[in-house]
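Reading the structure
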Amino acid sequence: MDSLYALFSHSINQLKPQRLVLALSGGVDSRVLLDLLSHYKQQHAIPCLAVHVHHGLSSNADNWADLCRDWCQQSGVELAVERVQLDLTGRSIEESAREARYQALAKHLQMGDVMLTGQHSDDQLETFLLALKRGSGPKGLSAMAKQMPFANSTILRPLLTASRQQIEQYATEHQLTWVEDESNQDTRFDRNFIRHQVAPILQQRWPHFASSVQRSSELCAEQEALLEELLSEKLSQVMMADNSLSITQLAKLSERVRGQLIRMWLADLGQKMPSRDHLSKIWQQVALAREDANPILNLSAGQIRRSGSFLYWVEAVKDISAWQQNIALQQVIELPEQLGTLQITCNTSGQLSQAALSQAPLRVMFNPEGLSAHPVGRGHSRKLKKLFQEFGVPSWQRRRMPILLCGEQVVAIADLFIDQRFVGQDCELVWDKSTDVM
């Protein structure tokens, strides 16, 4: 039996998947995986799907998609082609393409699926050296795991211990054709520079260098897993139900433990590991900022913020201050930015007065600037900014809470308070946040 197929089938058999999904770029690695997958499908009668992500970066991209379609048809494997557009704001092409690729692949994954990707030992070497260049710790130097959870399924790299040479030899012996992405020769990209100008020298001097890197990355992964196991109970003590971190509890710990817990917290939230510089700023500039400050640390996908004695991870969101929409009784309106829906229902157990609401047109907005209200139970009217502070609403959530107005008067802030001028018993403001990502 071919050694690559033995490696491929053994890796899959250990997971017992319900369906196999192949990330098919068309390069030699994924082309060989498609051939191996076709043989495996014939032997095991398992449902299979290949997904080709069309980035549109090359003039040859349409041709690559057509070739993938032909190969899948010959192999008896269904193909889905996903076209993506890259967001290059503040990020490299490599990073943006990778993120878009995984988002596209995730659309096709179901519970119990195993997604196959074609990385091999030479890729692992490159990833390890890139992490070393960035000054990464054990987690970064763990490089690529053979398998890991992803989008309710599992990513499997069945050929991670095979070499590029073995894969190319298989492709040649089985007379496979594949595509060559011209960008892979561009040494302006760090990975390509390592692939073409650094790795060959290292492996010429030390032929087993790639396998040594694999062992080192596995050891780093073991050390990181041990750290997380030993600190998991401490993380549960400092992490609140709303996913914030208690600054008070963190302050009792050593700097090393505190830093590792912050890393674990961000990993739990699906975020990238902070650099050592960012880790220091999270504590010194955000956690320890003066009480009346509104500290913010901007990272690539969001912000670290503080409210009271807690640290929060806040996703990057669009400004919706200018958004507003009219609303009528019993009408359901959809709020922007997946903030859910809002409705004024008529029922006898409500807290709003229908008569008061009928005095002027009703509308919903998110901008509190210049508005005042007199909440039920309060002695007098105050600016919304002050009321948000009194009710303990974090500053970044204040423009994400729907404000209901009757004419120019504030009726209510959804889920927060009702103005005393509109108190009654025959209407209710209902905010359904089932799609809320706040």
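Worth saying up front: this structure is predicted, and the values here are computed from it rather than measured.

Cut-off values and rules
- Residues numbered from 1 in each chain as written.
- Predicted model: local features only at pLDDT ≥ 70, side-chain atom pairs only at ≥ 80, totals over all residues.
- Heavy atoms only, no water.
- Pairing = 2+ DSSP bridges.
- Helix = DSSP H or I, 4+ residues; strand = E, 2+ residues; numbered from the N terminus.
- Contact = heavy atoms within 4.5 Å.
- Axes fitted to C-alpha atoms, helices over the stretch in contact; angles between N-to-C directions.
- UniProt positions renumbered as here; feature names shortened; annotations may be inferred.
- 1 Å grid on protein atoms, 1.4 Å probe; cavity = no way out; pocket = protein on both sides within 12 Å on 5 of 7 lines; lining within 4 Å.
- Points joined across faces, edges and corners; volume = space filled by probe spheres on them.

So, the sheet that holds strand β10 (residues 310-315)
With respect to topology, four strands assemble into an open sheet ordered β7-β10-β9-β8, the strand pairing being antiparallel. The sheet is open, and its two edges are formed by β7 (245-246) and β8 (296-299), each paired on a single side. Inspection of the sheet shows β8 paired to strand β9 (residues 302-307) by four bridges, in the antiparallel sense. Looking at β9, one finds that L299 is bridged to G302. Helix-sheet contacts for helix α12 (residues 276-287) involve β8, β9 and β10, and the interaxial angle to β8 is about 155 degrees.

Quick word on the UniProt feature "domain: Lysidine-tRNA(Ile) synthetase C-terminal" (unreviewed entry) in the chain
Under the present numbering, the feature "domain: Lysidine-tRNA(Ile) synthetase C-terminal" (unreviewed entry) in UniProt falls on residues 362-431. For residues 362-431, the helix share is 10%, the strand share is 34%, and the end-to-end C-alpha distance is 16 Å.

Description of the layout of surface pockets
Its boundaries defined by the atoms lining it, the second largest pocket holds a volume of some 530 Å³. For the second largest pocket, the lining is made up of 22 residues, of which K385, Q389, V393, S395 and R398 are closest to its centre. Of all the elements in the fold, those that place two or more residues in the lining of the second largest pocket are β9 and α14 (384-390). Residue contributions to the lining of the second largest pocket peak at four residues, all from α14.

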